[in-house]
Amino acid sequence: MSNTDTRDPTSLRTPIVAVLGHVDHGKTSLLDKIRGSAVIEGEAGAITQHIGATAVPLDIISSIAGDLVDPDDFDLPGLLFIDTPGHHSFTTLRSRGGALADIAILVVDVNDGFQPQTLEALDILKRSQTPFIVAANKIDTVPGWNANEDSPINDTYESQSDRVRSRLDESLYEIIGNLSDEEFSADLYWRVQNFQRNVGVVPVSAMTGEGVPDLLTVMMGLSQRYMKEEMEIDVAGPGVGTVLEVKEEKGFGKTIDIVLYDGTIKADDTIVVGGQNDPIVTEVRALLQPRPLAEIRTESRFEKVDEVSAASGIKIAAPELGDAMAGAPVRVVRDRPLEDVIQEVRAELADIAVDTAEEGVVVKADTLGSLEAMADALDEAEVPIVRAEVGDVAPRDISVASTAEDPKQQAILGFNVDVLSDAKQRAEIEDVTLFTDEVIYQLIEEYEDHIEAIEREQQDTILENIVRPARFRILPDHTFRQNDPAVVGVEVNSGTVQNNANVVKFEGNEPDRVGQVKGIQEQGEDVDEARAGNRVSVAIDGPTVGRQIEEDDELWIEIPEKHAKILEQELASEIPGDELEALNMYLDKQRSRDPFWGK
Ligand code: GDP
């Protein structure tokens with residue numbers, strides 16, 4: 001930092017870091033390791049436990065990172081890690097329509113590689129344009145690994161055997177390849193020059209701490225280099241934050257856990273919080289932080305504080321918070337018109353609000369952020385939404401879904417929510433299909449499978465009721481009966497001759513209905529239909545052989561114009577090729593007379 005820079009360093013806030021990745025890939029362990037290392041390195045109290053977050057100051061980062069970090073190179077105060085790992089919380093963490101986390105760590109198990117939630121996390125990072133690095137975790141599980149606790153990656157890599165190194169390299173390059181498949185240009189972090197353009201991959205072990213110094217160094221460097229401007233805030237100004245969770249707390253009633261990313265919040269402030277219906281205006285009753293471990297014996301796990309500044313995690317106790325939503329904005333009113341702040345909150349909520357259509361499916365999600373992510377994904381899949389809300393699936397959602405005219409839309413998609421038991425019962429009665437999952441794209445895939453099944457069923461019923469095309473020929477010397485009905489041997493050239501269908505014969509291109517199929521026999525047995533290639537005898541009610549029909553005549557099943565249209569436009573891919581051939585020949589004949597026939 002240059003000495004001529006007179007900017008007050010306290011106006012630079014801590015970058016907010018989120019940890020994402022597939023389940024069991026080590027998100028929690030990594031956070032624990034960082035916290036643990038910080039506790040060991042620092043004097044008691046040097047790291048501060050926030051509600052839902054842990055602040056690791058620069059000097060602690062620098063002592064963990066050793067030679068890798070010189071504190072003089074930095075003027076950001078440290079890093080604030082959000083404690084709730086997973087992209088579920090990440091989507092909740094929003095600020096002014098963007099991601100609240102300034103930077104993210106995507107954890108990928110080196111053995112397990114990319115998994116569904118890894119892809120989903122990448123998708124979310126892409127959408128929110130959040131810079132991130134990849135922690136290639138569990139390097140200690142490479143067979144033959146020789147662990148060097150808390151060592152920087154280069155040192156421990158050097159001390160491994162050739163075999164171990166090449167096995168690790170293989171896994172790392174696979175991860176880099178996977179990232180490139182997802183259109184992220186990535187490389188091992190020490191080869192990355194520009195972290196805005198390339199994703200750095202840091203090999204780590206959350207178990208042994210190897211690579212953790214590198215991880216912290218890269219995070220710190222990335223923030224300092226690319227995020228400094230965004231970290232410049234008016235610390236004393238009115239606080240702005242995002243609700244992480246709405247929680248019942250003994251002795252305090254409904255409380256909200258928030259991440260404050262701008263300004264200050266004081267214990268006597270009036271705040272405006274985004275609610276299910278309207279912004280909630282309320283007075284702070286208490287600002288709560290976790291009590292240091294040593295004092296945990298006292299009744300409350302929390303300690304009241306007078307004020308907190310960004311960036312930090314804090315619990316707010318206040319009346320009227322029942323309607324508050326996870327993911328919603330929180331704003332301190334202080335020294336300005338209340339109405340302006342209400343408008344700001346309303347505008348932010350409207351920004352996150354999901355566009356709904358006249359008709360569509362019902363969507364429920366646990367937070368505003370995840371609701372928005374669901375809506376984006378459904379929009380991409382071209383699935384319209386009639387109602388989108390934060391909360392568990394309730395009976396009134398079933399009522400809304402059950403009124404859909406299209407059976408495909410009689411469905412509810414719930415992301416990370418429960419289905420209330422009376423809603424479950426109601427859904428069965430009302431024939432509403434419920435889908436719940438914790439991975440967005442799996443949820444959408446399940447729904448798409450369901451749509452496909454419905455469509456297949458619909459087509460099957462249409463096919464059952466539609467006249468199938470066929471072209472067939474009366475075989476020479478195969479007249480078994482002249483008339484009433486005429487019984488002749490035929491060969492089906494293409495298509496399907498079905499019982500009770502009408503029979504036409506073309507004179508030139510003029511169709512002439514000659515009668516109706518009144519029975520089909522194949523080798524003496526009655527059958528309902530004869531397929532292309534079959535030789536059968538058919539009874540045709542109407543004509544007399546030798547008058548309206550003759551041996552060697554080419555006959556057709558008559559297709560009503562409406563049916564021809566459905567067959568051509570909707571079912572062409574569903575019917576067998578020979579049937580399609582018969583249809584096309586039939587259409588050619590009809591259209592040479594009337595070009596618009598069946599259109
Ligand atoms: P999360 O679901 O992503 O939060 O994963 P966890 O942190 O709960 O880790 C899942 C499992 O992997 C746990 O049994 C951890 O002990 C184990 N684990 C996590 N990181 C490592 C690592 O670096 N090395 C080894 N050997 N095990 C790990």
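Residues numbered from 1 in each chain as written. Predicted model: local features only at pLDDT ≥ 70, side-chain atom pairs only at ≥ 80, totals over all residues. Heavy atoms only, no water.

Considerations on the overall build of the protein chain
Okay, step 1: Tallying secondary structure elements over the protein chain gives 14 helices and 32 strands in all.
Okay, step 2: For 599 residues, the compact-globule formula gives about 25 Å, and the C-alpha radius of gyration of the protein chain, at 35 Å, lies well above that figure.
Okay, step 3: Projecting the C-alpha coordinates of the protein chain onto the three principal axes gives extents of approximately 110 × 65 × 45 Å.
Okay, step 4: Counting the 599 residues in the protein chain, one finds 52% classified as buried.
Okay, step 5: Considering only intrachain contacts with a sequence separation of at least 6, the fraction spanning at least 24 residues in the protein chain is 70%.
Okay, step 6: Surface accessibility of the protein chain: about 27,700 Å² in total, with carbon and sulfur atoms responsible for 43%. (Helix = DSSP H or I, 4+ residues; strand = E, 2+ residues; numbered from the N terminus. Rg over C-alpha atoms; globule rule 2.2 N^0.38 Å. Buried < 20%, exposed > 50% of the residue type's maximum accessible area, 1.4 Å probe, protein only. Contact = heavy atoms within 4.5 Å. Areas by Shrake-Rupley, 256 points an atom, 1.4 Å probe, with all protein chains shown as cover.)

Re the packing of aromatic side chains
Okay, step 1: Summed over all chains, the structure comprises eight aromatic pairs.
Okay, step 2: Between the aromatic rings of Phe132 and Phe184, the centroid separation amounts to 5.2 Å while the plane-to-plane angle is 85°, which identifies the pairing as edge-to-face. A residue pair is termed long-range when its members are at least 10 positions apart, and Phe132 in strand S8 (residues 132-137) and Phe184 in the loop between helix H6 (162-181) and strand S9 (186-188) qualify at 52 residues.
Okay, step 3: Measuring from centroid to centroid gives 5.7 Å for Phe506 and Tyr586, while their planes differ by 75°, and the two rings are edge-to-face. Separated by 80 residues along the polypeptide, Phe506 in strand S27 (residues 502-507) and Tyr586 in helix H14 (residues 577-593) bring together distant segments of the chain. The two residues Phe506 and Tyr586 agree in class, both being buried.
Okay, step 4: In textbook terms, an aromatic cluster arises when at least three aromatic residues are bridged by ring pairs, as seen for Phe506, Trp556, Tyr586 and Trp597.
Okay, step 5: Positioned over the ring face of Phe506 is Lys589, at 5.2 Å from the centre of the ring. (Phe/Tyr/Trp six-rings, centres within 6.5 Å; stacked < 30°, edge-to-face > 60°. Lys NZ or Arg CZ within 6 Å of the ring centre and 35° of its normal.)

A few points about the domain arrangement of the protein chain
Okay, step 1: With domains assigned, the protein chain is organised as domain 1 (11-231), domain 2 (240-351), domain 3 (353-459) and domain 4 (470-593).
Okay, step 2: Taking the mean C-alpha position of each, domain 1 and domain 2 sit 29 Å from one another.
Okay, step 3: Each partner contributes residues to the interface: domain 1 has 16 residues there, and domain 2 has 23 residues.
Okay, step 4: Between domain 1 and domain 2, a total of about 1,500 Å² is buried, with carbon and sulfur atoms accounting for 66% of that surface.
Okay, step 5: Counting every contact that joins domain 1 to domain 2 gives zero salt bridges.
Okay, step 6: The interface formed by domain 1 and domain 2 includes three residue pairs in polar contact (both at pLDDT 80 or more).
Okay, step 7: For the side of domain 1 that touches domain 2, the elements supplying multiple residues, two or more each, are strand S2 (48-50), strand S4 (78-82) and strand S5 (94-95). (Domains from an automatic or database assignment. Buried area = accessible area lost by both parts, 1.4 Å probe. Salt bridge = Lys/Arg side-chain N within 4 Å of Asp/Glu carboxyl O. Polar contact = N/O pair within 3.5 Å; in protein donor to acceptor, adjacent residues only side chain to side chain.)

A word on the sheet that holds strand S16 (residues 286-290)
Okay, step 1: If you walk across this open sheet you meet the eight strands as S15-S14-S20-S11-S12-S19-S16-S17, and the pairing is antiparallel. Bordering the open sheet on either side are strand S15 (280-283) and strand S17 (302-305), each of which pairs with just one other strand. Taken pair by pair, the neighbouring strands of this sheet meet at an average axis angle of 40°, ignoring direction.
Okay, step 2: Direction of pairing for strand S12 (residues 253-262) relative to strand S19 (residues 312-317): antiparallel, over a ladder of six bridges. (Pairing = 2+ DSSP bridges. Axes fitted to C-alpha atoms, helices over the stretch in contact; angles between N-to-C directions.)

Topic: the pattern of salt bridges
Okay, step 1: Applying the stated rule across the entire model yields 36 salt bridges.
Okay, step 2: Across the pair Glu389 and Arg387 runs a salt bridge whose closest N-O atoms are separated by 3.4 Å.
Okay, step 3: For Arg387, a relative accessible area of 18% gives the class buried.
Okay, step 4: For Arg513, the salt bridge is made with Glu558, and the minimal N-O distance between the two is 2.9 Å. Of this pair, Arg513 sits in strand S28 (residues 510-522) while Glu558 is found in the loop between strand S32 (554-557) and helix H13 (561-569), placing the two residues 45 residues apart along the sequence.
Okay, step 5: Residue classification places Arg513 among the exposed positions, given a relative accessible area of 52%.
Okay, step 6: For Glu558, a relative accessible area of 22% translates into the label partly exposed.
Okay, step 7: In this structure, a network of salt bridges that share partners links the residues Lys247, Glu249, Asp257, Arg301 and Lys315.

Some thoughts on unusual backbone geometry
In most cases, non-glycine residues show a negative phi, while peptide bonds are predominantly trans.
Okay, step 1: Residue Ala311 is reached from Ala310 by a cis peptide bond, and omega for that bond is -5°.
Okay, step 2: A positive phi is found at Asp477, a non-glycine position, where the angle reads about 60°.
Okay, step 3: Along the polypeptide, Asp477 turns up in strand S25 (residues 470-481).

Describing the site of the ligand
Okay, step 1: Within the structure, the ligand sits among 15 residues, and Asp24, Lys27, Thr28, Ser29 and Asp140 are positioned closest to it.
Okay, step 2: Lys27 is positioned such that a nitrogen or oxygen atom in its backbone is 2.8 Å from an oxygen atom of the ligand.
Okay, step 3: Side-chain polar atom of Asn137 to an oxygen atom of the ligand: 3.1 Å apart, as the coordinates give it.
Okay, step 4: A total of 580 Å² of accessible area belongs to the ligand in isolation, and the protein chains cover 73% of it.
Okay, step 5: Within the shell around the ligand, the residues separate by chemical class into three nonpolar, eight polar and four charged. (Near = heavy atom within 4 Å. Nonpolar A, V, L, I, M, F, W, Y, C, P; charged D, E, K, R; others polar.)

Details of the side chain of Thr217
Okay, step 1: Here Thr217 is to be found in helix H7 (residues 212-227).
Okay, step 2: Those residues in contact with Thr217 that sit more than four places away from it in its chain are Ala65, Leu68 and Val69.

Some thoughts on the sheet that holds strand S10 (residues 199-203)
Okay, step 1: In spatial order, the strands read S2-S3-S4-S1-S7-S8-S10-S9; together these eight strands make up an open sheet with mixed pairing. For this open sheet the edge positions go to S2 and S9, each flanked by a neighbour on one side alone. Put simply, the sheet's adjacent strands are angled 30° from each other on average, direction ignored.
Okay, step 2: The pairing of S9 with S10 spans three bridges and is classified as parallel.

As for the side chain of Ser402
Okay, step 1: Looking at where Ser402 falls in the secondary structure, it is placed in helix H10 (residues 395-402).
Okay, step 2: A distance of 3.2 Å separates a polar atom in the side chain of Ser402 from a polar atom in the side chain of Glu430.
Okay, step 3: Not counting chain neighbours up to four residues away, the residues in contact with Ser402 comprise Gln410, Glu430 and Val432.

Quick look at the packing of H13 against H14
Okay, step 1: With their axes 11 Å apart at the nearest point, H13 and H14 run at an angle of 130° to one another. Comparing the axis directions of H13 and H14 gives the class oblique. For H13 against H14, the interelement crossing comes out left-handed. In this structure, H13 uses Ala564, Leu567 and Glu568 to contact H14, whose residues at the interface are Leu583, Leu587 and Arg591.
Okay, step 2: Per-class residue counts for the contact of H13 with H14 are four nonpolar, no polar and two charged. (Parallel < 35°, antiparallel > 145°, perpendicular 65-115°, else oblique. Left-handed = near helix turned anticlockwise from the far one by under 90°.)

Overview of the layout of surface pockets
Okay, step 1: Roughly 590 Å³ of internal volume is contained in the largest pocket.
Okay, step 2: Every residue lining the largest pocket is counted, 28 residues in all, and those nearest its centre are Asp102, Gln129, Thr130, Pro131 and Met227.
Okay, step 3: Of all the secondary-structure elements, those providing two or more residues to the lining of the largest pocket are helix H4 (116-128), H7 and S12.
Okay, step 4: With three residues, H7 is the single largest residue contributor to the lining of the largest pocket. (1 Å grid on protein atoms, 1.4 Å probe; cavity = no way out; pocket = protein on both sides within 12 Å on 5 of 7 lines; lining within 4 Å. Points joined across faces, edges and corners; volume = space filled by probe spheres on them.)

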